[in-house]
Every structure is written in structure tokens, then in C-alpha cells.
Amino acid sequence: MKIRTIGRHGREGLRNLSRNGWMTFASISAVTVTLLLLGVFLLLAYNVQQFSKQLESQVEMNVYVKEGAARADVLELERQLKSLPELASVTYVSKESGLDQLKDKLQENASLLEGLDKENPLPDKFILKAKDPQLIGSVAAKVQTLPLVDKVNYGKDTVEKLFKGISLVRNSGAVFVVGLCFTALFLISNTIKVTIFARRKEIEIMKLVGATNWFIRWPFLIEGLLIGALGAVLPIALLSFGYSYLLSVYPSFMYFNFAAVDLVYSVSTILISIGALIGMIGSVMSISRFLRI
Amino acid sequence: MIEMHDVWKTYPNGAVALQGVSVRIDKGEFVYVVGPSGAGKSTFIKLMYREERPSKGSIFVNGFNIERLKERKIPLLRRQIGVVFQDFKLLPNMTVQENVAFALEVIEASPKKIRQRVNEVLELVGLTDKAKDLPAHLSGGQQQRVSIARALINNPSVIIADEPTGNLDPETSWDIMRLFEEINNRGTTIVMATHNKEIVNTLKRRVLAVEGGQIVRDQKRGVYGYEN
Ligand SMILES: Nc1ncnc2c1ncn2[C@@H]1O[C@H](COP(=O)(O)OP(=O)(O)OP(=O)(O)O)[C@@H](O)[C@H]1O
Ligand SMILES: [Mg+2]
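Residues numbered from 1 in each chain as written. Chains lettered and ligands numbered in written order. Predicted model: local features only at pLDDT ≥ 70, side-chain atom pairs only at ≥ 80, totals over all residues. Heavy atoms only, no water.

**Details of the confidence of the model for chain B**
Of the residues in chain B, 100% reach a pLDDT of 70 or more, and the chain-wide mean stands at 93. Across the predicted assembly, pTM comes out at 0.77 and ipTM at 0.90. (pLDDT = per-residue confidence, 0-100.)

Written as C-alpha cells, this is what we have:
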């Protein structure tokens, strides 16, 4: 294909946009509605995802060391724990600093602990975080088998409930995103199909006059791309304003800070790419059956 | 130039349009295809530029073996044949000159050459002053002339026309026929299906009469031979 032919296809694609005014408008509207929906959902899904990660990352386990373990043995245990690949962090809390922490927590009521300094009942412990918090149960089982480990505690019931909830939200979110993408593809390609059906005679004429399939496809492809991209403009604008407004009014929810406004830029890129891609695919798919002449 | 050997055509719905047609048309000939409605004239013509495929038999056009022609190569065939349709088949969104130029754009001719050729053929069909109009703003005869100009622009060695005067009044029909005569005089082969008795009987040319999907008459300087 010669360069000037590429130019010709571009011009032709642009002209078709304005020639088919109402059809163009209808297609762009269909894209706008679906992408807006998709955009809102993507923002939501990302934040939920971050929120659940944050919850997960707070999951930790306490490993209590057996009474009377020698200092050297505790160090050996620490070395063993640190060598476990599943662990993200290992923090040693000696019985003394454990008591200090407890005092800090109790603040003015710290006097309750008076006298315990001499005979500290707290065990030495390690606080562990797993790289994959979801696997904390199996990590705990493994740690339990190490010598000198007295007890492992990670709030089993609560954590399991939390994880169940999180994976439910995540899975349904993924299903929803995929579903929305397909709906978008279906809706957009259907609208384009209608506009192209109205122009099947033109396609037929072009073929009869000696145009190759690609000569006919290109302007449609460019038209579809532009429809998809133009359809992304309004959703991107609305989401950008909407999200920055939300951040300015409610920057956080419980302890969770909403993802920074940069998120809108990523979502915008996704929306405009999906729009353009689906526009092109929709156009090319819809005209293929009229090219068989 | 154009050769058919025992060509049969059955449409998917079972309609038998052609039954064992064999014919040979040489370079520079002017051939009328006549016959009653439903005889198979349009089918005969559509096979030549591969709008329809034969069910059986072989067809050669300009050296192209039509039944073996790959999907990809069909445009190459069509660029060598100018087709004039009864319903004009003009692109409604394009001006007269854009419609005519389209047949050259598809072969990626240079803009200069396109402009030059478009002017030439529009002058030949007498539509220079309508170059920037949309087809919808033209009369039937003018639209038919645009479609002839488009068929001519590639300098095809064959022009195939299916009832090019079918939608036109008698006077306009004669204008169009004079145009075809002129084109033929330059050496271009012309195959034309027509119901126009007066024209066939006046401009005496080779006549192929088709009835029930068969060629029943092939006359050198023939007559129409049917009552309208
Ligand atoms: N696309 C098609 N599908 C099915 N049958 C068809 C098709 N085109 C033509 N036929 C049938 O094939 C036969 C020949 O039709 P054709 O159009 O070739 O006739 P014709 O001689 O051109 O008629 P007319 O003078 O009315 O234009 C007819 O019986 C017609 O019904
Ligand atoms: Mg016919």
C-alpha cells in the first residue's frame, strides 16, 4: 500500500464519520454508555482490590517461644524462620520489649503491671508476616513443627472469614469486568453492524468496481477506531472530574485511603484503548460478510 | 477474449438460470444479449465479472480462468472489465468525479493521472459541468453516463452492460447508445443485455438470443426477434 493510499483511507474514514452523522452519533453514544459503566466499575474494582490487600497485609502471626529457651537457641530459631521463603518479615520481640509494649498500650493503667518486671510472665515471641497472606494457615503449620516453638497464633477463624469475603469480592469483580467487556464488545459491534448494514450496497459496489477487501476495510477500520476513541472522551472526562471530586470530599474510607488520582489516568488509557480496539474489531467483523461478492 | 464452454448455473434456491451455454466473443465485437425476462441474460453477464460463479463448465475472460480464480484475484479481473449496471450502482455519498475516480483509486494511480483521466472520461460522456454534483442530483440518463464513465476509466478491453438503457426514456437511450457505439469504434469489446427492440434492430450487431438458459440464436447482424 502506498503512503498516499493510507492518507486516502484516513480521509475517507473521517468523511464517513460526518457523512453518516446520525449513525456515527448512535455508535459513539453506545460506546460512551458502556465505557462509562466500565470505567466506574474499574475505579471501584481497583479500590476494592487495594482495600482488600491492605486488610490482608495486616494479617500476622505470633510465634511464641518455649519457656526457658537459651538465648543462642532463640537466635537459631530466628535464623530458621528467616530462611523460610514464604515469609515476608520476621520480627523478634523479646519478653522485655513485649512487656514495654504492653505498658505503652495500657498507658495510665500501666501500674497494673507493676512488679512483673522481676518475674516477667510473657514469653519471647516472633511476629511473622507471610508473603502471600492467603497462605498463612499452611505457613503456621510449618512453623509449628520447628523446635522451641510453643504456640502459633494468627486468629484463625477471623482470618479465614476475612479471606473468604475478600476472594468472593475479587472473583465477582473479575467476572463482572469480563462480563462488562463482552457487553461493550457486543453493544458496540452491534451498533456498528447496523450502520454498516445500511451501507452494504456501497461495499458491494466498491467490490464490483475492483476494490480489494483491504481497500474497503481500511476506511471502515479507521472509522471504527475513531468512533471507539471518541466514545471514550466523555467517560474519561466525567470519571476524571468525578474521581478527583470524590477524593477532595472523601479522601478515605475507614482506614483506607482511596487510590490517588493517577488511577484515573490508567483507567482512561484502558478505556480509550478498549474503545478504539472494540471499534476496529466491530467494524472489521461487521463488514466481512458483505465483502463476499 | 470471452469464452464459455458448456456453462451451467443453478442458484442455491434451485433455480436453473443457464443450461449448457457455449459461446465465444472476440476482441472488438459488439454483442447484444436478448431474450425474455428470466431467460438468464443477467446471469450470463454476471458470470463474466465473477459476481456469480458457474455451477459447471469453464469460462475464460481476458485470459482469466473464472472458475479457478482465487478470491484474492477477483479485483484484478474486475479492473480489466468495465461493468455498466442497469441500476447504475453509483456511490451515493460521492460526487460524480469521486465516483469515477474510485475505479482508479483502487489501483493506487497517482492523483495527477486520476485527475487527468477523470476529466477525459467525463468529457467523453458530456458531464464535465456535473463533476462536483452528487448522483442523487442527476437525471437517470446522466447517472447512467457517470456509470459508463467509471466503466471506461481503466481503459478496459471489455465493457459489459446489463440493460444500460432499461431505466431511461427513448431519447436518452439513444444518447447512451451513441456513446457505446463510439466506445466500440475505439476497439473496445461490448457485451450488452437489452430489451430495447428498436435499438437492436436499428444498430445492427451480433445478437445472442437466450431462452430458458440456453443460447437459441446467434446472428452476425441480427435482429431483436421478440415482440415487446
Ligand atoms: N440471485 C438469484 N437467486 C436465485 N435465483 C435467481 C437469482 N438471480 C436470478 N435467478 C433466477 O435465474 C433465472 C434467470 O434470471 P436472470 O436474472 O438471469 O434473467 P434475465 O434474463 O436477466 O431476466 P430479465 O430480463 O428480467 O432481467 C430466473 O429464473 C431467476 O429467477
Ligand atoms: Mg436481467
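**Regarding the domain arrangement of chain A**
Per the domain assignment, the segments of chain A are domain 1 (3–56 + 161–291) and domain 2 (60–153). Between the C-alpha centres of domain 1 of chain A and domain 2 of chain A the distance comes to 52 Å. (Domains from an automatic or database assignment.)

**Some details on the packing of aromatic side chains**
Inspection of the entire model under this criterion finds nine aromatic pairs over all chains. A centroid spacing of 5.7 Å and a plane angle of 85° characterise the contact between A:Trp22 and A:Phe25, whose relative ring orientation is edge-to-face. Taken as a pair, A:Trp22 and A:Phe25 lie in helix α2 (residues 21–57) at a separation of three residues, close to a single helical turn. Residue A:Trp22 is classed as exposed on the basis of its relative accessible area of 72%. When the ring of A:Phe215 is compared with that of B:Phe102, the centres are 5.8 Å apart and the planes differ by 80°; the resulting orientation is edge-to-face. Note that A:Phe215 is positioned in helix α8 (residues 213–249) and B:Phe102 in helix α3 (residues 96–105), a pairing that runs across two chains. (Phe/Tyr/Trp six-rings, centres within 6.5 Å; stacked < 30°, edge-to-face > 60°. Helix = DSSP H or I, 4+ residues; strand = E, 2+ residues; numbered from the N terminus. Buried < 20%, exposed > 50% of the residue type's maximum accessible area, 1.4 Å probe, protein only.)

**Examining the sheet that holds strand β9 (residues 206–211) of chain B**
Residue and element names in this part refer to chain B. Pairing is mixed across the open sheet formed by six strands, whose spatial order is β6-β7-β8-β3-β9-β10. Both outer strands of the open sheet, β6 (81–84) and β10 (214–219), are each paired with one neighbouring strand and no more. Across the sheet, the mean angle from the axis of one strand to that of its neighbour is 15°, orientation sign disregarded. Pairing between strand β3 (residues 30–34) and β9: four bridges, direction parallel. (Pairing = 2+ DSSP bridges. Axes fitted to C-alpha atoms, helices over the stretch in contact; angles between N-to-C directions.)

**Here's the deal with the sheet that holds strand β2 (residues 87–93) of chain A**
Residue and element names in this part refer to chain A. One open sheet holds the four strands; their spatial order is β2-β3-β1-β4, and the pairing between them is antiparallel. With partners counted over all chains shown, the strands left at the sheet margins are β2 and β4 (149–153), one partner each. When the angles between neighbouring strand axes are averaged without regard to direction, this sheet yields 20°. Sheet analysis places strand β1 (residues 61–65) next to strand β3 (residues 125–130), joined by four bridges and oriented antiparallel. Looking at the pairing, Met61 lines up with Leu128 of β3. Packing of helix α3 (residues 71–82) onto the sheet brings it into contact with β1, β2, β3 and β4, and relative to β2 it is tilted by some 165°. (Contact = heavy atoms within 4.5 Å.)

**Some details on the UniProt feature "domain: FtsX extracellular" (unreviewed entry) in chain A**
Under the UniProt annotation, the feature "domain: FtsX extracellular" (unreviewed entry) is placed at residues 59–152 of chain A. This span, residues 59–152 of chain A, is 35% helix and 23% strand, and a straight line between its end C-alpha atoms measures 13 Å. (UniProt positions renumbered as here; feature names shortened; annotations may be inferred.)

**A look at the pattern of salt bridges**
All told, the structure shown has 21 salt bridges over all chains when counted by the stated rule. Put simply, A:Arg79 and A:Glu76 hold a salt bridge, and the shortest N to O gap is 3.0 Å. With A:Arg79 and A:Glu76 both in helix α3 and three residues apart, this pair spans about one turn of that helix. The exposure class of A:Glu76 is partly exposed, given its relative accessible area of 33%. Among the salt bridges present, the one from B:Arg205 reaches B:Glu181, with a minimum N-O distance of 3.2 Å. Taken together, the residues B:Arg205 in the loop between α7 (197–202) and β9 and B:Glu181 in helix α6 (residues 170–185) connect sequence positions 24 residues apart. One salt-bridge network, held together by shared partners, links A:Lys201, A:Glu204, B:Asp87 and B:Lys89. (Salt bridge = Lys/Arg side-chain N within 4 Å of Asp/Glu carboxyl O.)

**Quick notes on the interface of chain A and chain B**
Taken together, the 22 residues of chain A in the interface contact 23 residues of chain B. Between chain A and chain B, the buried area comes to about 2100 Å², and carbon and sulfur atoms account for 58% of it. On the chain A side of the interface with chain B, the three residues burying the most area are A:Ile205, A:Leu208 and A:Val209, jointly 28% of the side's total. If you look at where chain A meets chain B, you find three salt bridges. Between B:Glu105 and A:Arg8 there is a salt bridge, with its nearest N and O atoms 2.9 Å apart. (Buried area = accessible area lost by both parts, 1.4 Å probe.)

**Examining the site of ligand 1**
Residue and element names in this part refer to chain B. Near ligand 1 lie 14 residues; those nearest to it are Ser37, Lys41, Ser42, Thr43 and His195. With respect to ligand 1, the backbone of Gly40 contributes an N or O atom lying 2.9 Å from an oxygen atom. In the model, an oxygen atom of ligand 1 is placed 2.7 Å from a nitrogen or oxygen of the His195 side chain. If one sorts the elements of the shell around ligand 1 by residue count, helix α1 (residues 41–48) sits on top with three residues. For the shell around ligand 1, the class distribution of residues is five nonpolar, seven polar and two charged. (Near = heavy atom within 4 Å. Polar contact = N/O pair within 3.5 Å; in protein donor to acceptor, adjacent residues only side chain to side chain. Nonpolar A, V, L, I, M, F, W, Y, C, P; charged D, E, K, R; others polar.)

**Describing the pairing of β1(A)**
All names here are of chain A. When you tally the buried positions in β1, you get five out of five residues, the bulk of the element. With four bridges connecting them, β1 and β4 associate as antiparallel partners. From the neighbouring strand, Tyr64 faces β4, where its bridge partner is Lys151.

**Considering the UniProt feature "domain: ABC transporter" (unreviewed entry) in chain B**
Listed under "domain: ABC transporter" (unreviewed entry) in the UniProt record, and renumbered for this structure, are residues 2–227 of chain B. The straight-line gap between the two end C-alpha atoms of residues 2–227 of chain B is 29 Å; of that span, 33% is helix and 26% is strand.

**What to know about the environment of A:Ala237**
Along the chain, A:Ala237 falls in helix α8. Here the alpha-carbon distance between A:Ala237 and A:Lys201, two residues 36 residues apart in the chain, equals 37 Å.

**Digging into the side chain of A:His9**
Residues and elements named next belong to chain A. Here His9 lies in helix α1 (residues 3–19). By relative accessible area, which is 1% here, His9 ends up buried. Those residues within four positions of His9 in sequence are excluded, and the remaining contacts are Met1, Phe215, Trp218, Pro219 and Ile222.

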